[in-house]
Each structure stands twice: as C-alpha cells, then as structure tokens.
Amino acid sequence: MGSFVFEGEELVIPECKYEYLDHTADVQLHAWGDTLKEAFEQCAVAMFGYMTELEYVEVKETHIIESEGTDDLISLLYHFLDEFLFLFSAEPYFVPKFIRILEFDRENLKIKAQGFGETFMIGKHPQGAEVKAITYSAMQIHEKEEHSDVFVIVDI
C-alpha cells in the first residue's frame, strides 16, 4: 500500500486482496473486498499481477474503460476483465498498477473504470504468464453484506 499524486489528486493504492489458485493448465484468480465493487477491482489487478510484477509499474498514465454485461453480474465481471485485457493486448500495452471503478451500475449491468499505470516494457517489467483470455468456466461471485469474493479462471 502507498500513495502518490496523479494530476493533482492524491491516490492511495489499496492493499492486495487476491490470490492465485492452481487449476489444470490455467490459473484461478480469487479476489475479495468489503464490497463487490472492490472485489471486481482486485480481480482485475490480480490478472495484471499474474502477467508482471506490479511493484515495477509506475503510475504515468491512466486509461478509462467501459463495459457492459449481457445477462447478470457474471457477464459483467467477464466483460470488465476482458476490456482491461484488451488494453494490455493492444498497442501500447497498458498495464495498470491499480484500478478504481468510477461507476458500478448493477441494475443496467454497466461499469466505468479507470486504470492507473504505464506502458509495459520488456526489460523494466518482468514477464509473467501471458493471459490469453478470460473464461466463464467456474466463474463465481459470492456476495454477503460486508464481504464479497469472486473466482475467475483465466486461460494462460
């Protein structure tokens, strides 16, 4: 955890609330938070943490994504992660150090989020496993009053 100033705003990097679980030929991300919104944010950061060591990522730029679910919160989580994965896959390869959700519309299944980070550079950022795709396989959302967990298998 730490803080920094970006464009005149002091931002606090949240503590890590995720882990990697073994899965046959893939990896399962398990993220949690006090709210479902926080669990979604942590899950996206976990995906990038699997691709590189986030302590080497500096906050030099920001990107905003918008995603929309089709049927339910599971589809919203899928599309949210997929939008961030697309940012990494398209040039320049953006890797966020942390992510904050600006709008979380459960009713209309829409998210607007901001990633804070920089362009991925070989030599500066250690290469982890390449995440090829987000999967619906065994995707889970567990939401309680004061704690939420999400589980997502990513194809590596």
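Quick summary incoming for the structure in this document. Quick caveat, the model's predicted, so the values are computed rather than measured. (Residues numbered from 1 in each chain as written. Predicted model: local features only at pLDDT ≥ 70, side-chain atom pairs only at ≥ 80, totals over all residues. Heavy atoms only, no water.)

**What about the overall build of the protein chain?**
When its secondary structure is counted, the protein chain shows two helices and ten strands. Ordered by position in the sequence, the α and β elements of the protein chain form the string β-β-β-β-α-β-α-β-β-β-β-β. Taken over C-alpha atoms, the radius of gyration comes to 15 Å for the protein chain, in line with the 15 Å a tight globule of 156 residues would show. Principal axes of the C-alpha set define a box for the protein chain whose edges measure 40 × 40 × 25 Å. Classification of the 156 residues of the protein chain by burial places 45% in the buried group. A fraction of 64% describes how many contacts in the protein chain between residues 6 or more apart in sequence connect residues 24 or more apart. Of the charged side chains in the protein chain, 11 are positive and 31 negative; the average position of the first set lies 3 Å away from that of the second. (Helix = DSSP H or I, 4+ residues; strand = E, 2+ residues; numbered from the N terminus. Rg over C-alpha atoms; globule rule 2.2 N^0.38 Å. Buried < 20%, exposed > 50% of the residue type's maximum accessible area, 1.4 Å probe, protein only. Contact = heavy atoms within 4.5 Å. Lys, Arg positive; Asp, Glu negative; His and termini not counted. Charge placed at Lys NZ, Arg CZ, Asp CG, Glu CD.)

**Section: the environment of Ala39**
Here Ala39 is to be found in helix α1 (residues 36–51). Judged by its relative accessible area of 0%, Ala39 falls in the buried class. Each C-alpha atom of the pair Ala39 and Phe151 lies 9.6 Å from the other, and the pair is 112 residues apart in sequence. Excluding anything up to four places from it in sequence, Ala39 contacts Ala31, Trp32, Gly33, Ser148 and Val150.

**Observations concerning the side chain of Thr135**
Relative to the helices and strands, Thr135 is located in the loop between β8 (133–134) and β9 (140–143). A polar atom in the side chain of Thr135 sits 3.4 Å from the backbone nitrogen of Ser137. Engagement of the side chain of Thr135 in a polar contact is seen with the backbone oxygen of Ile153, the distance being 2.7 Å. In this structure Thr135 touches Tyr78, Val152, Ile153 and Asp155, once residues within four positions along its chain are discounted. (Polar contact = N/O pair within 3.5 Å; in protein donor to acceptor, adjacent residues only side chain to side chain.)

**Quick word on the sheet that holds strand β5 (residues 61–68)**
What the three strands build is an open sheet, ordered β5-β7-β6; its pairing is antiparallel. A single partner strand is all that each edge strand has here, and the edge strands are β5 and β6 (94–105). Adjacent strand axes in the sheet meet at a mean angle of 25°, parallel and antiparallel pairs treated alike. Taken together, the ten bridges between β6 and strand β7 (residues 110–119) define a ladder with antiparallel strand orientation. Bridge pairing links Val95 to Glu118 in β7. On top of the sheet, helix α2 (residues 73–89) reaches β5, β6 and β7; it is set at about 145° to β5, its chief contact. (Pairing = 2+ DSSP bridges. Axes fitted to C-alpha atoms, helices over the stretch in contact; angles between N-to-C directions.)

**Quick look at α2**
Taking 1.5 Å as the rise per residue, α2 with 17 residues should run 24 Å; its terminal C-alpha atoms sit 24 Å apart, in good agreement. Restricting attention to buried positions, one finds in α2 the residues Leu73, Ser75, Leu76, Leu77, Tyr78, Phe80, Leu81, Phe84, Leu85, Leu87 and Phe88. One side-chain oxygen of the residue at the start of α2 lies 3.3 Å from the amide nitrogen of Ile74, identifying that residue as Asp72. (Expected span 1.5 Å × (residues − 1).)

**Some words on the state of the cysteines**
Inspection of the entire model under this criterion finds zero disulfides. In this model Cys16 remains outside any disulfide bridge; the closest cysteine sulfur is found in Cys43, 12 Å from its own. Classification of Cys16 by relative accessible area gives partly exposed; the value is 47%. (Disulfide = S-S within 2.5 Å.)

**Details of the packing of aromatic side chains**
The full count for this structure, using the stated rule, is eleven aromatic pairs. Between Phe40 and Phe80 the ring centres are 6.0 Å apart and the planes differ by 35°, which places this aromatic pair in the tilted class. With Phe40 in helix α1 and Phe80 in helix α2, the pair connects residues that are 40 residues apart, well separated along the chain. Taking relative accessible area as the criterion, Phe80 reaches 0% and is therefore assigned buried. Grouped by ring-pair contacts, the aromatic residues Phe40, Phe48, Phe80, Phe84, Phe88, Tyr93, Phe104 and Phe120 constitute a single cluster. (Phe/Tyr/Trp six-rings, centres within 6.5 Å; stacked < 30°, edge-to-face > 60°.)

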